[in-house]
Amino acid sequence: MSDDISTIPDFSDLTCTNLMIRLKMLLKKAPEGSLVECIVRRDQRDTIDVPFSRTGYDVKIRKIDTNRFRVSLKKKNSREVS
Amino acid sequence: MSSHFFLFNESMNSERLGWVEQCLKFFFIKLHPENLLHSTKNRQAVFTLFLSGDALHSLHNPETLSLWEVILSLPCVTIVCDSQELALRGISVERLRMKNPDQVIIHNSLALNGRPSFWKDVMKLARQHEQPVPSLVGFLHLTSPYMNRSSAALLEGMNAALEIHASVDLYCYLDGVHVGHDGQKPTEFENIGEGLEAVFEKAAKRGLSCQMLACARCAAARGYSTWDDGKGTAISSCTIKPIKIRNLNEIIDQFRRNHIILSDNCASIQLKKEGMQATFSVLDRERSPPLTILITRHPYGTESAFGGLSLALAAAAHGVPTQVIFIEDGIYALTGTQIPDAGSPLFNMQEVIDAISGTDNLQLFCFTPSLQKRGMTKNQKLTGVLNISISEFGNLLFYSPNGVAANHQRVILF
């Protein structure tokens, strides 16, 4: 995980539903075991955390500013899920 | 009495009426053949088809008239026409009425003002789904006023709900957010903004709840949101007072309650199982009615298909069992290989569909007769979208998904 956040897409303008769509699209395209990262707002963070954790993803969230969070998603491998 | 109903307001072509007819046949022949064995003369309606607006033209169009005759030959089917809209359009349904006088209703119940009200008839059926009274009726509105007469129908529907002492919710989505713009001054049309403010005041006077929520994404796109608190609440200086701009999640949260939600073109299918109460409290969130969204329009040309898909995903994320059926022109979202311009902010619908397939509480289907009618095939990469024929469509409509304890299923056409 890089500390340079300038390369991470900022999705803080997206609505929660569109954010979910965008992340699902990125995760679908991402190679096995790779990380998908983005910057989101506080309310968006809440809508990512539970749904993605529940459906087989490792979700890591780090606060980078008052209302900006860095989200990292990675698909758990099948052994971790089971 | 069972009370499945369809409500159609926009123009109905033979394709739409065709699948309605096929679904009804499936219901009576495959699921309830006992209804075919006896005289239907003294039975109450199992299916009510409410027709208003341009849908009424299908009653005298030769292409659809024959389908209506087949539908009316089925037992326990009633058509309730909006008498004012019939008169406005100069449509005669005498031919159908001559053959089926008890099944084609052209005289509506009287409202408190003494005038016939189609919406009073709709409300009578709509509120049978929950108890205790006073109940709640929701309206999902998708179209702009003045361009579409459906906004006038919305006002009539909300007023009719208040007349039967039901609280009302309005969910403005897509172009539906325009009904809440302030300063509307139509010269040849009922003022929708003022009408909504009057509904809000009338509800308050009667001690009924009335909330009007507009989708924040749709409002922002159309220039309404002037201040956003970043937590789902946006405040606009150009909406009428009753309208609250809220995140779609907050609107979808209302869908978890057990009330009827009406839209321009929608249906409500009862899901009563053996031993289950016929009615539940409107606040019973454990019994969220499953949601079926029919995507009937081309992708890209309008926001309709994407809007339907977004709503479905939001509902599924809130734990509402949701199924999306691509049907009629909606199947074009699944055909060919779609490639939006690389720099375009537009979502690639096929990528969206592929990405969201497999989401909890969400199932995606393609109605194959619509593909066949257009000589198209589904993109083979969309493996998460299951092909269905009319019998599977019927099963999806009339059987509740596993584990669902709701008493009805909401069907909304986009």
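Residue indices follow the written sequence of each chain, beginning from 1 at its first position. Written order decides the labels, with chains lettered from A and ligands numbered from 1. It should be noted that, the model being predicted, local features are given only for residues of pLDDT at least 70 and side-chain atom pairs only at 80 or more, the latter also being counted only at that level, while totals for whole chains, interfaces and linings use all residues. Each side-chain value is derived from all of the structure's non-hydrogen atoms; neither hydrogens nor water enter the calculation.

Caption draft 1: Here's a closer look at the nonpolar core. All names here are of chain B. Only buried residues count toward a nonpolar core. Its members are Ala, Val, Leu, Ile, Met, Phe, Trp, Tyr and Cys residues joined through side-chain atoms within 4.5 Å. Note on exposure labels: buried denotes an accessible area under 20% of the residue type's maximum, exposed denotes more than 50%, and partly exposed covers the range between, all computed with a 1.4 Å probe on protein chains only. In terms of nonpolar packing, the biggest core is built from 107 residues, with F139, Y173, L196, L262 and F326 touching the most fellow members. Labels follow the DSSP assignment, with helices taken as runs of H or I lasting at least four residues and strands as runs of E lasting at least two, numbered in each case from the N terminus. The element best represented in this core is helix α10 (residues 304-317), accounting for 9 residues. In this description, contact between two residues means that some pair of their heavy atoms is separated by no more than 4.5 Å. L196 has contacts with L154, L155, M158, L170, V179, M212 and I240, leaving out every residue within four places of it along the chain. One finds L17, V20, I71 and C76 within the second-largest nonpolar core, a separate group that totals 49 residues.

Caption draft 2: Local environment of the side chain of T296 of chain B. Within the secondary structure layout, T296 of chain B lies in the loop between β13 (291-295) and α10. Those residues in contact with T296 of chain B that lie beyond four places of it in its chain are R16, I327, E328, D329, G330, L413 and F414 of chain B.

Caption draft 3: Just the environment of L213 of chain B, in detail. Residues and elements named next belong to chain B. When you line up the elements, L213 lands in strand β7 (residues 210-215). Under the relative-accessibility criterion, L213 is labelled buried at 3%. Non-local contacts of L213, meaning those with residues more than four positions away in its chain, are made with L170, Y171, C172, K244, R246, I251 and Q254.

Caption draft 4: Focus on the sheet that holds strand β5 (residues 136-141) of chain B. All names here are of chain B. We treat two strands as partners when DSSP finds at least two bridges between them. Here 7 strands make up an open sheet; going across it, the order is β8-β9-β10-β7-β6-β5-β11 and the pairing mixed. Each end of this open sheet is capped by a strand with a single partner; those strands are β8 (227-228) and β11 (260-262). In the sheet, β5 pairs with β11 via 3 bridges, with the strands oriented parallel. When the bridges of β11 are listed, G138 appears paired with I261. Those strands touched by helix α5 (residues 118-126) are β5 and β11, and its axis lies near 150° from that of β11. Axis geometry follows a simple rule: fit a line to the C-alpha atoms, using only the stretch in contact for helices, then measure angles between N-to-C directions, giving values from 0 to 180 degrees. Helix α6 (residues 150-163) contacts β5, β6 (167-172) and β7 of the sheet and is inclined by roughly 170° relative to β5.

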